[in-house]
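# A closer look at the structure
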Amino acid sequence: MTSYRRNFVSGGCFFFTVNLAERKLALLTDHIGLLRTALRETHRRHPFTTDAIVVLPDHLHTVWTLPEGDADFGMRRQLIKSTFSRGLARNERISPSRAARGERGIWQRRYWEHTIRDEADVARHVDYVHINPVKHGLVDRVRDWAPSSFHRHIKLGNYPADWAGDQSHDGRDFGERG
């Protein structure tokens, strides 16, 4: 079995990607209210700062900063996933291994985590979060994707409203491998 090593930094800043088990579903955007409730409840019980977030149909990206003295991002991630899952009807496909453990089949078990190293790393990851709907072909302009912290960042003066422009005819691949 693969051994995952997490970098637990007290008060650290982290980038995360969390995926649905069935990548063809649109549960996150179809049930955005439920996801917002899960985020809000988790934040109320275990505070953290959401520096950036984008919710896509089948995955989400976030940049979080944890409070000083706290490194438990895994517990927060699990609470968000379980709160969201409890609000959904039980009609997903469940593998035998998940069934044996009493798990639902909504989320991938693992998630991607990257410890942010410095301000330049923060900026790169926040940009990545915000460009993601364009990267996946969901919109041509970053500002056209509603479930994103991009709009808050515009109000804060961190981005111009036309940041990244119109990508409808750009042809870039955003670093994706074929």
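For the structure given in this document, a descriptive report is provided here.

What counts and what doesn't
Residues numbered from 1 in each chain as written. Predicted model: local features only at pLDDT ≥ 70, side-chain atom pairs only at ≥ 80, totals over all residues. Heavy atoms only, no water. Helix = DSSP H or I, 4+ residues; strand = E, 2+ residues; numbered from the N terminus. Contact = heavy atoms within 4.5 Å. Pairing = 2+ DSSP bridges. Axes fitted to C-alpha atoms, helices over the stretch in contact; angles between N-to-C directions. Salt bridge = Lys/Arg side-chain N within 4 Å of Asp/Glu carboxyl O. Buried < 20%, exposed > 50% of the residue type's maximum accessible area, 1.4 Å probe, protein only. Polar contact = N/O pair within 3.5 Å; in protein donor to acceptor, adjacent residues only side chain to side chain.

Okay, the environment of proline 147 next. Within the secondary structure, proline 147 sits in the loop between helix H5 (119-135) and helix H6 (150-155). As for proline 147 and arginine 36, which are separated by 111 residues in sequence, their C-alpha atoms are 9.8 Å apart. Filtering out sequence-adjacent residues up to four positions away, proline 147 remains in contact with Ile32, Arg36, Ile53, Val54 and Val55.

Strands in a sheet are paired, the pairing made by backbone hydrogen bonds, and the direction either parallel or antiparallel. If you walk across this open sheet you meet the 4 strands as S2-S3-S1-S4, and the pairing is antiparallel. Only two strands of the sheet have a single partner each, and these edge strands are strand S2 (49-55) and strand S4 (112-115). The mean angle between the axes of side-by-side strands here comes to 10 degrees, regardless of whether they run parallel or antiparallel.

Under the criterion given, the structure shown has 5 salt bridges. With a shortest N-O distance of 2.5 Å, arginine 76 and aspartate 70 are connected by a salt bridge. For arginine 76, a relative accessible area of 1% puts it in the buried group. Each of Arg117, Asp121 and Arg124 takes part in salt bridges that share partners, so that together they form one network.

The next subject is the side chain of asparagine 132. When you line up the elements, asparagine 132 lands in helix H5. Classification of asparagine 132 by relative accessible area gives buried; the value is 0%. One polar contact links asparagine 132 to histidine 61, side chain to side chain, over a distance of 3.0 Å.

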